[in-house]
Amino acid sequence: MEKIKKIIHVDMDYFYAQVEERDRPELKTVPVGIGGMTNGRGVLCTSNYIAREYGVRAAMPTAKAIKLCPKLVLVSPNFQKYKKISQDIFKIYEQYSTKIQKLSLDEAYIDVTDCSKLNNDANAIAREIKERIYNDTKLTASAGVSFNKLLAKIGSDLFKPDGLAILRPDNISNKITHFPVSRINGVGKVTRKRLEAKGIFTFGDIQKHSKLDLINMFGDYGVTLYNYSRGVDQREVSSGGARKSLSVEHTFSEDYSDIKTLKENLLSVFYELESRLKKEENKTYKNIFVKIKYTDFQATTIESQIEFSLENFEKLFMNRFSQRVDKVRLVGLGVKFFNQDDHGQLSLF
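Residues numbered from 1 in each chain as written. Predicted model: local features only at pLDDT ≥ 70, side-chain atom pairs only at ≥ 80, totals over all residues. Heavy atoms only, no water.

(A) The overall build of the protein chain, seen in detail. Of regular secondary structure, the protein chain possesses 13 helices and 13 strands. Relative to a compact globule of 349 residues, whose C-alpha radius of gyration would be 20 Å, the protein chain shows 21 Å and is just as compact. The principal-axis extents of the C-alpha atoms in the protein chain amount to approximately 60 × 50 × 45 Å. Counting across all 349 residues of the protein chain, residues that qualify as buried make up 46%. When the accessible surface of the protein chain is split by element, carbon and sulfur atoms take 48% of a total near 17500 Å². Computed over 55 positive and 44 negative side-chain charges, the inter-centroid distance for the protein chain is 1 Å. (Helix = DSSP H or I, 4+ residues; strand = E, 2+ residues; numbered from the N terminus. Rg over C-alpha atoms; globule rule 2.2 N^0.38 Å. Buried < 20%, exposed > 50% of the residue type's maximum accessible area, 1.4 Å probe, protein only. Areas by Shrake-Rupley, 256 points an atom, 1.4 Å probe, with all protein chains shown as cover. Lys, Arg positive; Asp, Glu negative; His and termini not counted. Charge placed at Lys NZ, Arg CZ, Asp CG, Glu CD.)

Structural data, given as structure tokens:
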């Protein structure tokens, strides 16, 4: 009989902003955004919970955040400080497992299936990890404990901040029927709207559909929806190999071909990519790329070794779009990171 896995997902609470609140206690009572603005442009890395009450979110253009929250206090990010704290936190994880999958400076999966500490009680291990993080850094973290990555990640988000949730395998498909579809990996605003348009709002609603129905509606992603809605996730906690690329894709609520609308959507994707890259420490990249998927689901990608900027992404997009002017249903932007064998790499930011 296969051993049931024990996986913990740890997510630091509003990490960058919490660090700044710790170091500057006067920030704890005001709305804070981590980011800046140059020549009217900029994007937030994150915000504290007070700012989030105004609708301020990570990856939001700074100008928009200030409109939503005029009293927002902007703090320039200090990535060297965040990186050092992250390294201290990951040293704690390493005392419980060798199977650690680092997602960013502030987020990780830890496979404690074979951990001998605390009688292999994953819930107790997660609690101790949270306590040690706070004792060492005076920062809070939220954790989810389950038998796969999907449910562990969902658990870490249930009781933020400073939360802990355990999702056991017994009768799991029935226990999670009330979860909203937005808790599934890959279900963003656009996919959620597509699901809701078909009367699908929860995991339970997805469970009412056959696998074939979901494939017909959502293509290959329908298989993922079928499995995840039932709490099935076979992905391993992978500790080997550095991330080779990072990209952000937006599927439109309707297909577009006019340049003005496409560039507006391109800007939104760019801001989100820029925000996510802030968590990739000080990595360097060799190429940037653009992906276009047309109304007939045919996809094309173009990449180039040029500077990371909105203007260059727009140039790549127009280069490829001009070869086929048709309605577009998805735009993606990304970067490919270099490895030790690559040369001529460019520095991010």
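(B) How the structure looks around the side chain of Thr46. Considering the arrangement of structural elements, one finds Thr46 in strand β3 (residues 44–47). When its relative accessible area of 9% is taken as the criterion, Thr46 is described as buried. Only 3.3 Å separates the side chain of Thr46 from the side chain of Arg52, close enough to count as a polar contact. If sequence neighbours within four positions are ignored, Thr46 has contacts with Tyr14, Tyr16, Ala17, Gly33, Ile34, Arg52 and Ala58. (Polar contact = N/O pair within 3.5 Å; in protein donor to acceptor, adjacent residues only side chain to side chain. Contact = heavy atoms within 4.5 Å.)

(C) Quick look at helix α1 (residues 15–23). Of all 9 residues in α1, 7 are buried, a share of seventy percent or more. Along its buried surface, α1 packs onto β1 (7–12), β2 (32–35), β3, β4 (73–75) and α4 (79–93).

(D) Fine view of the nonpolar core. By size, the foremost hydrophobic cluster in this structure holds 37 residues, and its most contacted members are Ile8, Phe15, Tyr93 and Ile133. For this core, the secondary-structure elements that each account for two or more residues are β1, α1, β2, α4, β6 (107–111), α5 (122–137) and β7 (141–146). The element best represented in this core is α4, accounting for 7 residues. Not counting the four nearest positions on each side in its chain, Tyr93 is found in contact with Val10, Ile100, Ala108, Ile110, Ile129 and Ile133. In terms of nonpolar packing, the next biggest core, distinct from the first, is built from 29 residues, Tyr294, Phe308, Phe321 and Val331 among them. (Core = buried A, V, L, I, M, F, W, Y, C linked by side-chain atoms within 4.5 Å.)

(E) Quick look at the packing of aromatic side chains. A full pass over the atoms with the stated rule returns 13 aromatic pairs. Arranged with centres 5.9 Å apart and planes meeting at 90°, the rings of Phe79 and Tyr82 form a pair that is edge-to-face. A residue pair is termed a helical-turn pair when its members lie 3 or 4 positions apart in one helix, as Phe79 and Tyr82 do in helix α4 at 3 residues. Plain terms: the ring middles of Phe317 and Phe321 are 5.4 Å apart, the flat faces sit at 10° to each other, and that makes the pair stacked. Placement of the pair is Phe317 and Phe321 together in helix α13 (residues 310–321), with a separation of 4 residues, close to one helical turn. Here Phe317 and Phe321 have matching classes, each one buried. Aromatic rings pair up to connect Phe15, Tyr16, Phe79 and Tyr82 into one cluster. Taking the ring centre of Phe90 as reference, the NZ or CZ of Lys102 above it sits at 5.1 Å. Over the ring of Tyr294 we find Arg324; its NZ or CZ atom is 4.1 Å from the centre of that ring. (Phe/Tyr/Trp six-rings, centres within 6.5 Å; stacked < 30°, edge-to-face > 60°. Lys NZ or Arg CZ within 6 Å of the ring centre and 35° of its normal.)

(F) Main features of the pairing of strand β10 (residues 284–294). Among the 11 residues in β10, 9 count as buried, and that is most of the element. Hairpin geometry of β10 and strand β11 (residues 299–304) is characterised by an intervening segment of 4 residues between the two adjacent antiparallel strands and by a positive phi of about 75° at Phe297. (Pairing = 2+ DSSP bridges.)

(G) Up close: the packing of α4 against α5. The contact between α4 and α5 brings their axes to 10 Å, and the two run at 145°. As for the relative orientation of α4 and α5, their crossing is right-handed in sense. Residue-level contacts link Ile85, Ile89, Ile92 and Tyr93 of α4 to Ile129, Arg132, Ile133, Asp136 and Thr137 of α5. Tallied by class, the residues present in the contact of α4 with α5 amount to 6 nonpolar, 1 polar and 2 charged. (Axes fitted to C-alpha atoms, helices over the stretch in contact; angles between N-to-C directions. Left-handed = near helix turned anticlockwise from the far one by under 90°. Nonpolar A, V, L, I, M, F, W, Y, C, P; charged D, E, K, R; others polar.)

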